[in-house]
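Notes for the structure review
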Amino acid sequence: MKAIRRFTVRPVLPEPLRPLSDLARNLRWSWHAETRDLFQSVDPECWAASNGDPVRLLGSVAPGRLAELAEDRRFLRRLTAVADDLHDYVSGDRWYQAQSSELPAAVAYFSPEFGITAALPQYSGGLGILAGDHLKAASDLGVPLIGVGLLYRHGYFRQSLSRDGWQQEHYPVLDPNELPVALLREADGTPAQVSLALPGGRSLHARVWLAQVGRVPLLLLDSDVEENDLGERGVTDRLYGGGSEHRLLQEMLLGIGGVRAVRTYCRLTGHAEPEVFHTNEGHAGFLGLERIAELCDRGLDFDSGLEAVRAGTVFTTHTPVPAGIDRFDRELVARHFGPDAELPRIDVERILQLGMESYAGGEPNLFNMAVMGLRLGQRANGVSLLHGNVSREMFSGLWPGFDADEVPITSVTNGVHAPTWVAPEVFRLGAKQIGAQRTEDAFTVGGSDRWDAVADIPDQEIWELRRVLREQLVTEVRERLRASWRQRGAGSAELGWIDGVLDPDVLTIGFARRVPSYKRLTLMLRDQDRLMELLLHPEHPIQIVVAGKAHPADDGGKRLIQDLVRFADDPRVRHRIVFLPDYGMAMAQKLYPGCDIWLNNPLRPLEACGTSGMKAALNGCLNLSVLDGWWDEWFQPDFGWAIPTADGSQTDPDRRDDIEAAALYDLLEQRVTPRFYERGQGGLPDRWIEMVRQTLTLLGPKVLAGRMVREYVERLYTPAALAHRSMDADSARELATWKARVRGAWHRVSVDHVETSVATTTAELGTTLSLRVRVGLGELVPDDVEVQAVSGRVDAEDRITDAATVPLKPTGGPDLDGRWVYEGPLSLDRTGPYGYTVRILPAHRLLASSAELGLVTAPSEDVVEGAGVLLR
């Protein structure tokens, strides 16, 4: 019989055990080994059955066992020590508290998904894991962050396989009462709510659940409340589910509802109001509209409110392809805003202008969430050096007239939260070398360029560590593979072969990630005979563990999984290659440490960052990857291998895959496997161990989320907080009025004449030229602009590369024609083909970048002809 209603019955903990409840509710346990060890000791069998989830554990422990523990003085001493440690962690000063007073009082961090722990399954892939690691690192550093997301009742799907290897999706219902979250409540005890207005007089209500991530509160909005109609209750049903309107409502709830939730949280708890709002990808972009509406309610006009909001907003883009961005039909967005829906006091056309692709090559009727994010954020970044370059190219249409390298999008390379991803055995080896506290500080705060203590670890210990981790992975793989085959319909009698799957002494390669086509899950299958030879080599065999989920609507991705599974099912190789379904955090934490090689072969440059290889590296795993994302930035032959690419624009995609697969096989055959199996005089693979050592010493400190969050604080959050503070109501009005005046007058700005003191086309290194430029400013004055000389080497088409800019100075008032003369020196500091030009840009003390308005004036062809631009 099926129950008509479901309850969660919580245990009543004996008074001495009450701190267990607080420890279970703070997700620091997910990366704090002592807390997890304490919970395991409560009841090892229940701990295993609960998959390491303290909330589920405490709900399943027998009352008798709790009574026994309440009398166990040794256990109570451990409990007190762990509880005191958590108290010190959340209340004591950390890195942030030792910095200058200019830092933001608080930062609100919005993301559509957060991967904190498998016990709170609110993530689908890298974006969510990155957001979770960002929160954890902020907590470790003491950064006053407030996370904001949605609570999905089905999370992301669970994956299994059919008998023929086709991906099956399952959507288990999550009961928030069984998750490590608690309702945010008003002072009278009623659940706090936020509401959005919908077309037709309807409303969308949401409760706010609070997950405590160390020091950081994470607010999760949940629309499954009785006040909503059935359709509205389902808004937060699934991560990345539903059609366009469903996604739009999710993103309105995340952005607009999220700001309202932050305001409610700060009101109820006394937490400092955020000075900086960080939009992690475009999904939360509507948060800027809500903040403009707040300012309009206080008397600012829309344009002034926009400037005030931009000053304190940081936007991070994670996608290197336009197809990865949410775009909505203009009419759909228009229907959900204005007098009959949300933000009724703001003109719908002003909202639409923020997201429309009103630039060359754009789709004029589509509302682009990333475009809105960039227009609403004064500071923007990609997530690796290469991705910053790709993003500047991709969004250059928003800044016409500027070279891509001047587009105001910087980059902060992602990092990973070491305490979450480093195997306990690796941590213990570090603690043995330098002590537990120094190891913890190295993994969390970071700050050093090298981990030199790794040099003192004997080769034998490194090699034994690697074998132990590989052996643990073999055990894990066999358990998961057996469970998977049972789900596929196999009986126990058919599965004896699984006991021989993988070998703890064979070179082990890992490949696990989402399965969009550009990540090329099946590149390794390009020449199946050659792969089979590598797997079955009599002296230098390899074994491969593969995992990954395709989006439920992506049949192409599902076919790739099926192709891989069918190959892995072949009795000839199934002991050497496996596909594990239901890739998630719990699996990943076993997979990264146990592999010797982490394989990544995306189509370059379509991998924004690719943090899985970072997690592997922190465990002493070497990377074998295409030079994309973070690997393009930090690759050295000491750390692994770069797969050569054939990414010229003329290369046929099929031929490209053939070339790059062949390069992968060659690397494995000729360089990777011989190095793993060759032995030095002491019987150890000395050269391999040295690569592991170099990876830990030099790459370890770079790939930390602590390094990443410190960069955000120093390079983005602090400048945004200072800009926010300087942008009071009067300054916002001043900047908005100035921008409107400059935009209206810019068509009359011109460069009329350029002359130089050198008339020849050659000059000596070190020569300084005098430039004299006559410009028209129309209704503007010199205080509104900067006139620059731009110089540098020129390519075959006379384009200036590696440009340097020098401001020129006005020499007096306007002449009788209203023209201004600017002069300045130009130093010839490089040999070879050299060129210069001049340009005029808007200038104001409150601009974050001279490219901010997207306005620039350069000389016309007639002026260039007479200017003697090139020096050969």
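The model shown is predicted, which means the values in this text are computed figures rather than measured ones.

Here we take up the sheet that holds strand β21 (residues 750–756). The strand order across the open sheet formed by 4 strands is β21-β22-β26-β25, and the pairing between neighbours is antiparallel. Sheet topology places β21 and β25 (809–810) at the edges, where each strand pairs with a single neighbour. With 6 bridges connecting them, β21 and strand β22 (residues 768–776) associate as antiparallel partners. Bridge assignment links valine 754 to a residue of β22, and that residue is valine 773.

This structure, assessed with the given rule, holds 21 aromatic pairs. In this structure, arginine 488 is placed above the aromatic ring of tryptophan 485, and the distance from its NZ or CZ to the ring centre is 4.1 Å.

On the secondary structure map, threonine 522 appears in the loop between β15 (507–512) and α20 (528–536). Beyond its immediate stretch of four places on either side in the chain, threonine 522 contacts Leu560, Asp563 and Leu564.

Here the focus is the nonpolar core. Met524, Ile544, Ile597, Leu624, Trp641 and Trp688 are the most contacted members of the largest nonpolar core, which has 106 residues in total. Excluding residues that lie within four positions of it along the chain, leucine 624 makes contacts with Ile597, Trp598, Leu599, Asn600, Trp641, Ile643, Leu664, Leu667 and Leu668. Counting residues in hydrophobic clusters, the runner-up holds 96 residues, among them Val235, Leu248, Leu376 and Tyr822.

Averaged over all residues, the pLDDT of the chain is 93; the fraction at 70 or higher stands at 97%. A low-confidence stretch, residues 866–872 stays under pLDDT 50, and its non-local contacts, those more than four residues away or across chains, total 27 contacts.

This part covers the side chain of arginine 466. Looking at where arginine 466 falls in the secondary structure, it is placed in helix α19 (residues 459–487). Among the polar contacts listed, one links the side chain of arginine 466 to the backbone oxygen of asparagine 619, at a separation of 2.9 Å. Discounting residues that sit within four places of it in the chain, arginine 466 has contacts with Pro593, Gly594, Cys595, Asp596, Asn619, Gly620 and Val692.

This paragraph deals with the pairing of strand β24 (residues 800–807). Here strand β23 (residues 785–794) runs beside β24; their pairing, made up of 6 bridges, is antiparallel. Note that in β24 the partner of glutamine 788 across the bridge is proline 807. Here β23 folds back onto β24, and the loop between the two strands holds 5 residues, one of which, aspartate 798, carries a positive phi near 65 degrees.

Quick look at unusual backbone geometry now. Across the chain, the bulk of peptide bonds are trans and the bulk of non-glycine residues have phi less than zero. Going from arginine 604 to proline 605, the amide bond is cis rather than trans, its omega being 5 degrees. Turning to its location among the elements, proline 605 is positioned in the loop between β18 (597–600) and α23 (612–617). The backbone of leucine 502 sits at a positive phi, close to 65 degrees, despite the residue not being glycine. Residue position: leucine 502 is located in the loop between α19 and β15.

What follows deals with helix α22 (residues 585–594). Within α22, 7 of the 10 residues are buried, leaving the element largely enclosed by the surrounding structure. Of the residues making up α22, those classed as buried are Met585, Met587, Ala588, Leu591, Tyr592, Pro593 and Gly594.

Okay, the packing of helix α11 (residues 302–311) against helix α14 (residues 369–376) next. Put simply, α11 and α14 touch, their axes get as near as 8 Å, and they point 90 degrees apart. Taken together, α11 and α14 sit at an angle that is classed as roughly perpendicular. Residues Leu306, Val309 and Arg310 of α11 form the contact with α14, whose participating residues are Leu374, Arg375 and Leu376.

Attention now moves to the pattern of salt bridges. A side chain with one charge can pair with a side chain of the opposite charge if their charged atoms come near. Counted by the stated rule, this structure contains 64 salt bridges. Linking arginine 163 and glutamate 494 is a salt bridge whose minimum nitrogen-to-oxygen distance equals 3.3 Å. Of this pair, arginine 163 sits in the loop between β3 (158–161) and β4 (167–170) while glutamate 494 sits in the loop between α19 and β15, and the two are 331 residues apart along the sequence. A residue is classified by how much of its surface remains accessible, and glutamate 494, at 43% relative accessible area, is partly exposed. Arginine 335 is paired through a salt bridge with glutamate 245; the nearest N and O atoms lie 3.7 Å apart. In this pair, arginine 335 sits in helix α12 (residues 330–335) while glutamate 245 sits in helix α9 (residues 244–269), placing the two residues 90 residues apart along the sequence. Under the relative-accessibility criterion, arginine 335 is labelled partly exposed at 44%. Relative accessible area serves as the criterion here: at 33%, glutamate 245 is assigned to the partly exposed category. Linked by salt bridges that have partners in common, Arg520, Arg526, Asp654, Arg656, Asp657, Asp658 and Glu660 make up one network.

Let us look at the environment of asparagine 228. Summarising the element assignment, asparagine 228 is placed in the loop between β8 (216–222) and α8 (230–233). C-alpha of asparagine 228 to C-alpha of alanine 49: the two residues are 179 residues apart in sequence and 36 Å apart in space. Aside from chain neighbours lying at most four places away, what touches asparagine 228 is Ser203, Leu204, His205, Ser223 and Arg233. Within polar-contact distance, the side chain of asparagine 228 engages the backbone oxygen of histidine 205 at 2.7 Å.

Now for the sheet that holds β18. Neighbouring strands of a sheet are bound in pairs by backbone hydrogen bonds; such pairs are parallel or else antiparallel. Ordered by their spatial adjacency, 6 strands build an open sheet running β17-β16-β15-β18-β19-β20, and the pairing between neighbours is parallel. Two strands in the sheet have a free side with no partner beyond their single neighbour: β17 (577–580) and β20 (640–643). Ignoring which end each strand starts from, the neighbouring axes of this sheet average 20 degrees apart. Bridge count between β15 and β18: 2 bridges; the pairing is parallel. Looking across to β18, one finds that isoleucine 509 is bridged to isoleucine 597.

Procedures and definitions
Residues numbered from 1 in each chain as written. Predicted model: local features only at pLDDT ≥ 70, side-chain atom pairs only at ≥ 80, totals over all residues. Heavy atoms only, no water. Pairing = 2+ DSSP bridges. Helix = DSSP H or I, 4+ residues; strand = E, 2+ residues; numbered from the N terminus. Phe/Tyr/Trp six-rings, centres within 6.5 Å; stacked < 30°, edge-to-face > 60°. Lys NZ or Arg CZ within 6 Å of the ring centre and 35° of its normal. Contact = heavy atoms within 4.5 Å. Core = buried A, V, L, I, M, F, W, Y, C linked by side-chain atoms within 4.5 Å. Buried < 20%, exposed > 50% of the residue type's maximum accessible area, 1.4 Å probe, protein only. pLDDT = per-residue confidence, 0-100. Polar contact = N/O pair within 3.5 Å; in protein donor to acceptor, adjacent residues only side chain to side chain. Axes fitted to C-alpha atoms, helices over the stretch in contact; angles between N-to-C directions. Parallel < 35°, antiparallel > 145°, perpendicular 65-115°, else oblique. Salt bridge = Lys/Arg side-chain N within 4 Å of Asp/Glu carboxyl O.

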